[in-house]
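# A look at the structure
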Amino acid sequence: MQKKPYWSGPKRPSAPAAGNNGPRPQGGRRQQGGKKDKDAHAINDEIKAREVRLVGDNVEEGIYPIAKALKVADELELDLIEIAPMAQPPVCRVMDYQKFLYQQRKRLKEQKAKSVKVVVKEIRFGPQTDEHDYNFKMKHAIEFLKEGSKVKSYVFFKGRSILFKEQGEELLLRFANDLEEYGKVDQLPVLEGKRMTIMLSPRKPAAKKKEEKPAE
C-alpha cells in the first residue's frame, strides 16, 4: 500500500463539535478497530434497537430507551452488551465487555470438558457366520458395551449372498437379543447397499438401592 504524500501546508480546520450527536466515548473499555469475532455481541453504539430490556448487577432492571440505557452503562463505567438480540425488545446486560468475553470462553471450555466423546465400535458378520465366530464377536461386543462404547454391527452381503438378507436380519436380531443385558437397540436392522446394520448403545448401570437400616 502506497504511503500518502507528506503535506507541509496549512491543516484543514477541524469540524465543529456536534454536541450529543458525536461519537460516544469508549473510555478505557473496548479498543476501537480491534478484530471482532463473527459471533461477538453488539455493544454500546453498535446496538441498533430504539429500546432495550436492561439487566445486570447494580441496575434497575426494566425497559429503557437506548439513550438512557447507554447513559446507565456510562455512569457505571461499564459496557452495554446485547445478549438476546432476537427478544422483543432486545435484552442488554450492563457489564465490563472483557469480563463478559472471559466468562463466555470459560463456560464454553467447561461445556467441552463435560461433553463425552461417543466411540463407535464396528463388528462385521457374514450372512452365514458359524457359531464359533458368532460367540467370539459377541464377547467383543460385550466388552465394548461395558466400556461405554456404542456397537455398530453389520452383515456384509457379497455378490449373490444378498439373497440371504433375511438370514442376515435374523442374525442381527439374535445378536441384539443376546446382548440385551448390556446394550439397547438404537436402530433396528436397516439394509443400506450391501450392508445390513444394527446399532446398540450401552445400558447405564442400575443405581444401587440403599440398604434400609432395621428399626431399633
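First things first, this report covers the structure right here in the doc. Values in this document were obtained by computation on a predicted structure and should not be read as measured data.

The final tally for this structure, using the stated rule, is four aromatic pairs. With 6.4 Å between their ring centres and 20° between their planes, Y97 and F100 make a pair best called stacked. Pair noted here: Y97 and F100 are both in helix α2 (residues 97–114), with a separation of three residues, about one helical turn. Owing to a relative accessible area of 6%, F100 belongs among the buried residues under this scheme. Among the aromatic residues, ring-to-ring pairing joins F125, Y134 and F175 into one connected group. Over the aromatic face of Y134 sits the side chain of R174, whose NZ or CZ is 3.9 Å from the ring centroid.

On to a positive patch on the surface, then. A cluster of basic side chains, namely R124, K158, K194 and R195, defines a positive patch on the protein surface. The residue R195 is located in strand β8 (residues 195–202) in this model.

With that settled, consider the sheet that holds strand β6 (residues 150–156). Across the sheet, which stays open at both edges, the four strands sit in the order β5-β6-β8-β7 with mixed pairing between neighbours. The open sheet has two edge strands with one neighbour each: β5 (120–125) and β7 (183–192). Each adjacent strand pair in this sheet contributes to an overall mean axis angle of 20°, direction not counted. Relative to β6, β5 is paired through six bridges, and the arrangement is parallel. In the strand pairing of β6, V120 is matched with K150. Against the sheet, helix α3 (residues 131–146) engages β5, β6, β7 and β8, with an angle of about 170° to β5. Docked against the sheet, helix α4 (residues 165–178) engages β5, β6, β7 and β8, running at close to 5° with respect to β8.

In a regular helix each residue adds 1.5 Å, so 14 residues correspond to 20 Å; α4 covers 20 Å between its end C-alpha atoms and thus fits that length. Residues G168, L171, L172, F175 and A176 constitute the buried set of α4. Down the axis of α4, the buried side of the element spans an arc of 135°, and every buried residue falls inside it. The outward face of α4, more than 90 degrees from its buried face, is lined by the exposed residues E166, E170 and N177. The secondary structure elements touched by the buried residues of α4 are β5, α3, β6, β7 and β8.

Attention shifts here to the packing of α3 against α4. One way to put it is that α3 packs onto α4 with a least axis distance of 11 Å and a crossing angle of 45°. In this view, α3 runs oblique relative to α4, as classed from their interaxial angle. Considering the relative orientation of α3 and α4, their crossing is right-handed. Seen from α3, the contacting residues are E131, Y134, K137, M138 and A141; seen from α4, they are L171, R174, F175 and D178. Class assignment for the residues of the contact of α3 with α4 results in five nonpolar, no polar and four charged.

How each quantity is defined
Residue indices begin from 1 for each chain and proceed along its sequence in written order. Reporting in this predicted model follows two pLDDT cut-offs: at least 70 for local features of residues, and 80 or more for side-chain atom pairs to be given and counted; totals over whole chains, interfaces and linings ignore these cut-offs and use all residues. In computing side-chain values, all of the structure's heavy atoms are included and hydrogens and water are not. What counts as a ring pair is set by centres within 6.5 Å for rings of Phe, Tyr and Trp (its six-membered ring), and what kind of pair is set by the plane angle: stacked under 30 degrees, edge-to-face over 60, tilted for all other angles. Strands are runs of DSSP state E lasting at least two residues, helices are runs of H or I lasting at least four, and both sets are numbered from the N terminus onward. Buried, partly exposed and exposed residues are distinguished by accessible area as a fraction of the type maximum, computed with a 1.4 Å probe on protein chains only: under 20%, between the cut-offs, and over 50%, respectively. The rule for a charge over a ring is simple: NZ of Lys or CZ of Arg within 6 Å of the ring centre, and within 35 degrees of the ring normal. Nonpolar side chains (Val, Leu, Ile, Met, Phe, Trp, Tyr) within 5 Å and like charges within 9 Å form the patches, drawn only from residues with over 30% relative accessible area and no salt bridge. In short, Shrake-Rupley with a 1.4 Å probe defines the accessible areas, and a residue's cover is counted only from the protein chains shown. A side-chain nitrogen of Lys or Arg and a carboxyl oxygen of Asp or Glu constitute a salt bridge if their distance falls within 4 Å. The charge count treats Lys and Arg as positive and Asp and Glu as negative. His and the chain ends do not count. One atom stands in for each charge, and that atom is NZ of Lys, CZ of Arg, CG of Asp or CD of Glu. Two strands are counted as paired when DSSP detects at least two bridges linking them. Interaxial angle, 0 to 180 degrees, is taken between N-to-C directions of lines fitted to C-alpha atoms, where a helix line uses only the stretch in contact. Pairs of residues are marked as contacts when any of their non-hydrogen atoms sit within 4.5 Å. Multiplying 1.5 Å by the residue count of a helix minus one yields the expected span of that helix. The reported arc concerns the directions from the helix axis to the C-beta atoms and nothing else. In this scheme, roughly parallel covers angles under 35 degrees and roughly antiparallel covers those over 145, while 65 to 115 is roughly perpendicular and the rest are oblique. The handedness criterion is simple: a crossing whose near helix is rotated anticlockwise from the far helix by less than a right angle is left-handed, and one whose near helix is rotated clockwise is right-handed. Three classes are used: nonpolar for Ala, Val, Leu, Ile, Met, Phe, Trp, Tyr, Cys and Pro, charged for Asp, Glu, Lys and Arg, and polar for all others, with Gly counted as polar.

What is shown is where atoms sit, not what they do.
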